[in-house]
Amino acid sequence: MAVPLPLGRPVRVGIVGLGRIYDLTILGYRGNPDAEVVALCDLDVERLADRGTGWPDAARFSDLDAFLAADTDLVEVLVPTPFHCEVVCAALAAGHHVNVQKPMAVTLDEADRMIAAAAEADAHLRVMENFIFYEPLRVLREVVESGAIGPPAGLHMKMVATGNGGWEVPWETWEWYFQMAGKDRGILMYDDGWHKYSVARWLFGPVREVRGWVGRTEVGPGIVIDAPSTVAWEHTSGLRGTWDVTFAPDMLMRSDYYTNDERFEVTGRKGFVRVNRCTARGLQLPSVEVYADGELRGYHALDDDWGSSFRTQTRAPGLPAHGRGSGALVGQRGPGGAGLLPRCPRVLPPPGAGAPGRVTRSNRAQVSAVLMEVPAARPSSRYWVPVTRVRVTATQRSELAMRWWSTVRGSRAAPTASSCTTVLALARVRAGTASPTRPSRVR
Ligand SMILES: NC(=O)c1ccc[n+]([C@@H]2O[C@H](COP(=O)([O-])OP(=O)(O)OC[C@H]3O[C@@H](n4cnc5c(N)ncnc54)[C@H](O)[C@@H]3O)[C@@H](O)[C@H]2O)c1
């Protein structure tokens, strides 16, 4: 049984997995009076010897069982995602609270097992999500809530994955990411996607319907990047969001971390607020801009270093590494926690078909948000389920789509039938010649 929190003393922390993300995780512990790192663990003995210079007194373990027998309150789980379930369940059973990196698990079954293990041990299980602690995104949310841009009308997120210009990621690290990608858990849609869907849910609450068009770019023999991809969803409030992901491997992107060029924009009835960059040093504009009433306002003095979001998430009052002070130590337990675990209805649109799947009780623990539902990287995964359906004839469809295609591409090459449907729907609605029928609802 885990020692109940809060403790009234610094939390004793053990860290397992001293790979790439360890470098950012430790920002939350360095100089943190509420926590002391007392144990380190990695299967790789060289790494174990090289890392952890900030904690010379910490015990070092290359054996997980021995590490879990150490006297720690909280275990930071930073091992590759396919091992999250195994390591988290073992840590919980050994009486530790757990903070595990996103994505929580590879399957829903694993997530359920982790949640059950936390309940069984009466321990806190929290999934670490740093984006919602990134100051520019927090300011964006404050602006939306302030009403400065009017009632929110839409969320647009854009990402260009470049892979050119950031920090070194060892090949052993990429290897397991690519192995997961080969099993429909793509690096962009599934792994990084966790962050983006978390932001969407944190801003606008639960999602009731998801549509996706997941692309596939082979960058080497058997190595697939799940882009270009576009995902669209509707929150239960009716507000819609989109996330558009492009892969641009030749684009140099200056970054201290990964090379994702990101934008987040909320459009309101009378203005918009946008975050111009996040992980990388993309657009050198103010990190947050607000347009309303004909004026553009920029925030120039925010802490817009993405690494800071790791520090903030660890130190946020009420989170596991916050051992003292007035705030109760309330790590999140299960998906019904304080909203940090993205919960999302399961939607399984069969490739090429229009019918979305159903929301059932068994998928309430939906963890990797939208991603587990979008069948990423299937051989024939290029499909688009129309967002808006209008009744049109086949002739009208191809005429309109062809017109759009030649305008955009300067070519008369035939678009695919599926792209026609969407384009047509949008064109007709914009032209006022058709009222959109509601897309079929998830029940
Ligand atoms: N929050 C973010 O922005 C962010 C960014 C990158 C990665 N991550 C997540 O962090 C986790 C780790 O990713 P990474 O890129 O640091 O991976 P990595 O491969 O660089 O590091 C993993 C480390 O775990 C060790 N390890 C593997 N199995 C182990 C076991 N059973 N016991 C002890 N040690 C073990 C490996 O030797 C390695 O040193 C993943 O879940 C990943 O999705 C999050």
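These numbers were taken from a predicted model, which means no experiment stands behind them.

A.B. asks: A description of the side chain of Asn260 should follow, citing residues and the corresponding values.
C.D. replies: Relative to the helices and strands, Asn260 resides in strand S13 (residues 260–268). Non-local contacts of Asn260, meaning those with residues more than four positions away in its chain, are made with Met159, Val160, Ala161, Asp192, Thr279 and Ala280.

A.B. asks: Explain the packing of aromatic side chains to me, using residue names and the numbers behind them.
C.D. replies: Taken as a whole and assessed by the stated rule, the structure comprises 15 aromatic pairs. Seen from their ring centres, Phe131 and Trp306 are 5.9 Å apart, and the 75° between their planes marks the pair as edge-to-face. Here Phe131 is found in the loop between strand S6 (125–128) and helix H6 (135–146), whereas its partner Trp306 is found in the loop between strand S16 (295–299) and helix H9 (308–315), with 175 residues between them in sequence. The pair formed by Phe131 and Trp306 is uniform in burial state, with each residue classed as buried. When the ring of Trp167 is compared with that of Tyr258, the centres are 5.3 Å apart and the planes differ by 80°; the resulting orientation is edge-to-face. One end of the pair, Trp167, is in the loop between strand S7 (152–161) and helix H7 (171–181); the other, Tyr258, is in the loop between strand S12 (240–247) and S13, and 91 residues separate them in sequence. Taking relative accessible area as the criterion, Trp167 reaches 17% and is therefore assigned buried. Above the face of the Trp167 ring, Arg20 is positioned so that its terminal group lies 3.5 Å from the ring centre. In this structure, Arg185 packs its charged tip against the face of Tyr190, placed 5.5 Å from the ring centre.

A.B. asks: Go over the site of the ligand, please, and point to the residues and values.
C.D. replies: Among the 28 residues in the neighbourhood of the ligand, the closest are listed as Asp42, Arg47, Gln101, Thr173 and Trp176. Between the ligand and Lys102, the relevant distance is 3.1 Å, taken from an oxygen atom to a main-chain nitrogen or oxygen of the residue. Here an oxygen atom of the ligand sits 3.1 Å away from a polar atom, N or O, in the side chain of Tyr177. Coverage of the ligand by the protein chains reaches 93% of its 850 Å² of free accessible surface. Broken down by secondary-structure element, the contributors of at least two residues to the shell around the ligand are H7 and helix H8 (187–204). Residue contributions to the shell around the ligand peak at three residues, all from H7. A per-class count over the shell around the ligand returns 14 nonpolar, eight polar and six charged. In terms of domain composition, the shell around the ligand takes at least three residues from each of domain 1 (11–130 + 311–315) and domain 2 (132–306).

A.B. asks: Quick one: what's the story with the nonpolar core, residue by residue and with numbers?
C.D. replies: Counting residues in hydrophobic clusters, the biggest one holds 72 residues, and the most contacted among them are Ile15, Leu155, Trp233, Phe264, Val266 and Val273. By residue number, the principal contributor to this core is H8, which donates ten residues. Each of domain 1 (11–130 + 311–315) and domain 2 (132–306) contributes no fewer than three residues to this core. Apart from residues lying up to four places away in sequence, Trp233 is in contact with Leu155, Met157, Tyr197, Ala200, Val207, Glu209, Val210, Leu239, Arg240, Gly241, Thr242 and Trp243.

Rules used throughout
Residues numbered from 1 in each chain as written. Predicted model: local features only at pLDDT ≥ 70, side-chain atom pairs only at ≥ 80, totals over all residues. Heavy atoms only, no water. Helix = DSSP H or I, 4+ residues; strand = E, 2+ residues; numbered from the N terminus. Contact = heavy atoms within 4.5 Å. Phe/Tyr/Trp six-rings, centres within 6.5 Å; stacked < 30°, edge-to-face > 60°. Buried < 20%, exposed > 50% of the residue type's maximum accessible area, 1.4 Å probe, protein only. Lys NZ or Arg CZ within 6 Å of the ring centre and 35° of its normal. Near = heavy atom within 4 Å. Polar contact = N/O pair within 3.5 Å; in protein donor to acceptor, adjacent residues only side chain to side chain. Areas by Shrake-Rupley, 256 points an atom, 1.4 Å probe, with all protein chains shown as cover. Nonpolar A, V, L, I, M, F, W, Y, C, P; charged D, E, K, R; others polar. Domains from an automatic or database assignment. Core = buried A, V, L, I, M, F, W, Y, C linked by side-chain atoms within 4.5 Å.

Shape descriptors only; they carry no functional weight alone.
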